[in-house]
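Below, each chain spelled out in residue letters.
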Amino acid sequence: IYFGFSDDVKNALVSEDREALRKGVSDVQAALDELMGALDFKYPLAGQLYPLYSYCKRLFSTVLYSLDVSVVDEADVIMTNRLRLWTMRRRSMRA
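Residues numbered from 1 in each chain as written. Predicted model: local features only at pLDDT ≥ 70, side-chain atom pairs only at ≥ 80, totals over all residues. Heavy atoms only, no water.

Visitor: Quick question: what am I supposed to make of helix α2 (residues 18-37) here?
Guide: The periodicity of an α-helix, 3.6 residues per turn, causes residues three or four places apart in sequence to face the same way. Along its 20 residues, α2 runs 28 Å from first to last C-alpha, staying within 8% of the 28 Å computed at 1.5 Å per residue. Considered for burial, the residues of α2 that qualify are Leu21, Gly24, Val25, Asp27, Val28, Gln29, Ala31, Leu32 and Met36. The opening residue of α2 is Asp17, an N-cap whose side-chain oxygen sits 3.2 Å from the backbone nitrogen of Glu19. (Helix = DSSP H or I, 4+ residues; strand = E, 2+ residues; numbered from the N terminus. Expected span 1.5 Å × (residues − 1). Buried < 20%, exposed > 50% of the residue type's maximum accessible area, 1.4 Å probe, protein only. Polar contact = N/O pair within 3.5 Å; in protein donor to acceptor, adjacent residues only side chain to side chain.)

Have a look at this one:
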C-alpha cells in the first residue's frame, strides 16, 4: 500500500497537480501511521522501525513545499530496505 501511495505522490509531482500531491502525501502518511500503530514494542525491532517510519513521514511533509521527487526516492529506499530485511528474516525463520 505504501508504495502505491508513494507512486501517487511521484505522479502528482510530475504532473504538477497540487491537489493530487496533497492527497497522495496524506495517503502515504496514513499508511505509515498504520505501520507505526501496528508495531509491538515488546520486540526490539519495533523500537528500530518506529523512528524510520517517523522519518519517512517527515520526508513526505517536506515534499509539499520542496516539490522534490528525490525526497520521495529517499523514503522509498528506506522502505525498500525495510521490506528486504523483513523478507530475509522470514526466510531465515522458515529454514
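Visitor: Looking at this structure, how should I read the nonpolar core?
Guide: For soluble globular proteins, nonpolar side chains are generally found buried alongside one another. Counting 22 residues, the largest nonpolar core has Tyr2, Val9, Leu21, Leu32, Tyr53, Phe60 and Val63 as its most contacted members. Where this core is concerned, the elements lending two or more residues are α1 (2-15), α2, α3 (44-66) and α4 (69-94). Counting residues per element, this core draws most heavily on α3, at 7 residues. Those residues in contact with Leu21 that lie beyond four places of it in its chain are Val9, Ala12, Leu13, Val63, Leu64 and Leu67. (Core = buried A, V, L, I, M, F, W, Y, C linked by side-chain atoms within 4.5 Å. Contact = heavy atoms within 4.5 Å.)

Visitor: Could you clarify how one ought to interpret the pattern of salt bridges in this entry?
Guide: Side chains that differ in sign of charge can pair as their charged atoms come close. This structure, assessed with the given rule, holds 6 salt bridges. Where Lys10 meets Asp73, a salt bridge forms, and the shortest distance between an N and an O atom there is 3.3 Å. Taken together, the residues Lys10 in helix α1 and Asp73 in helix α4 connect sequence positions 63 residues apart. Exposure remark for Asp73: the relative accessible area of 34% places this residue in the partly exposed category. Between Arg22 and Glu19 there is a salt bridge, with its nearest N and O atoms 3.0 Å apart. Of this pair, Arg22 and Glu19 both sit in helix α2, 3 residues apart, which is roughly one turn of the helix. The exposed category is assigned to Glu19, whose relative accessible area is 52%. A single network of salt bridges, built from pairs that share partners, joins Lys10, Asp73 and Asp76. (Salt bridge = Lys/Arg side-chain N within 4 Å of Asp/Glu carboxyl O.)

Visitor: How do you make sense of the side chain of Asp76 when you look at a structure like this?
Guide: Positionally, Asp76 belongs in helix α4. Taking the relative accessible area as the measure of exposure, Asp76 reaches 9% and is therefore buried. Reaching out from Asp76, the side chain makes a polar contact with the side chain of Lys10 at a distance of 2.8 Å.

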